[in-house]
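Observations on the model geometry
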Amino acid sequence: MPRLISLNARKAAHAQQTDQIPVMLATIRHIELPEPVYLSSDNTERITDEPLVYGTRHQGHTYLFVQMGALWPDDQRGSAPKSTLVFENVTPDMAKPLRAVLSPASVDLTIVMAETPDIIEARYLNLKGTLGTWDANSISLDVGRETFANEPCPSRRVTKACFPGVFR
């Protein structure tokens, strides 16, 4: 089944020139973070003057603008959605949190248009950080969902304690 997106987003995607900009909003959660991190791929509006901060306001949250490139999650049949977020490594200590974390972070990706940031075009919830890499220029975070094919079936072992009726 194809993903439904708004008419304005479809027009912008197929137009030769447009002022409609798709924006990727990322919400990153981890047990070691005191609160979620909200990041935006677009400098939609000025949030503060001192210090100068840009971002996107979406449904009551302020997503801070970072130099981020993102591959939209693929929607392939038979596989779980996966995406790559690439952050420009603009300060020497940006990779420090990535190096310190041992368990995967939970990532929610929301795609909106800059003109209408409260209208959700696509949303991918509960993606897990699967791989983080960094170098002098960028930090990449691969996020995705485990495919259902990796789930054991049945989920429990057939033993006397779990399934006594089988052993009569």
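If you look at the biggest cluster of nonpolar residues, it comprises 17 residues, and the most contacted ones within it are Leu85, Phe87, Val107, Leu109, Tyr124 and Val143. Mapped by element, the contributors of at least two residues to this core are strand E1 (22-29), strand E7 (82-88), strand E8 (106-113), strand E9 (116-134) and strand E10 (138-144). Aside from chain neighbours lying at most four places away, what touches Val107 is Thr27, Ile28, Leu85, Tyr124, Leu125, Asn126, Leu127 and Val143. Formed by six residues, the second largest nonpolar core is a distinct cluster that contains Val23, Tyr63, Val112 and Ala114.

Evaluated as defined, the whole model comprises three salt bridges. The salt bridge involving Arg57 is made with Glu45; its shortest N-O contact spans 3.1 Å. Taken together, the residues span a long stretch of sequence, with Arg57 in strand E4 (residues 53-58) and Glu45 in strand E3 (residues 45-48) at a distance of 12 residues. With relative accessibility at 32%, the residue Glu45 sits in the partly exposed group. Two residues, Asp49 and Arg46, come together in a salt bridge whose shortest N-O distance is 3.1 Å.

Attention now goes to the pairing of E3. Two strands pair when backbone bridges link them, and E3 and E4 are joined in this way by three bridges, in the antiparallel orientation. Each bridged residue has a counterpart across the sheet, and for Arg46 the counterpart in E4 is Tyr54. If you look at the hairpin formed by E3 and E4, you'll find four residues sitting between the two strands.

Among the structural elements, Phe167 can be located in the segment after E10. In contact with Phe167, other than residues within four places in its own chain, are Val158, Thr159 and Lys160.

Scoring rules and cut-offs
- Residues numbered from 1 in each chain as written.
- Predicted model: local features only at pLDDT ≥ 70, side-chain atom pairs only at ≥ 80, totals over all residues.
- Heavy atoms only, no water.
- Core = buried A, V, L, I, M, F, W, Y, C linked by side-chain atoms within 4.5 Å.
- Buried < 20%, exposed > 50% of the residue type's maximum accessible area, 1.4 Å probe, protein only.
- Helix = DSSP H or I, 4+ residues; strand = E, 2+ residues; numbered from the N terminus.
- Contact = heavy atoms within 4.5 Å.
- Salt bridge = Lys/Arg side-chain N within 4 Å of Asp/Glu carboxyl O.
- Pairing = 2+ DSSP bridges.

Geometry only, nothing functional implied.
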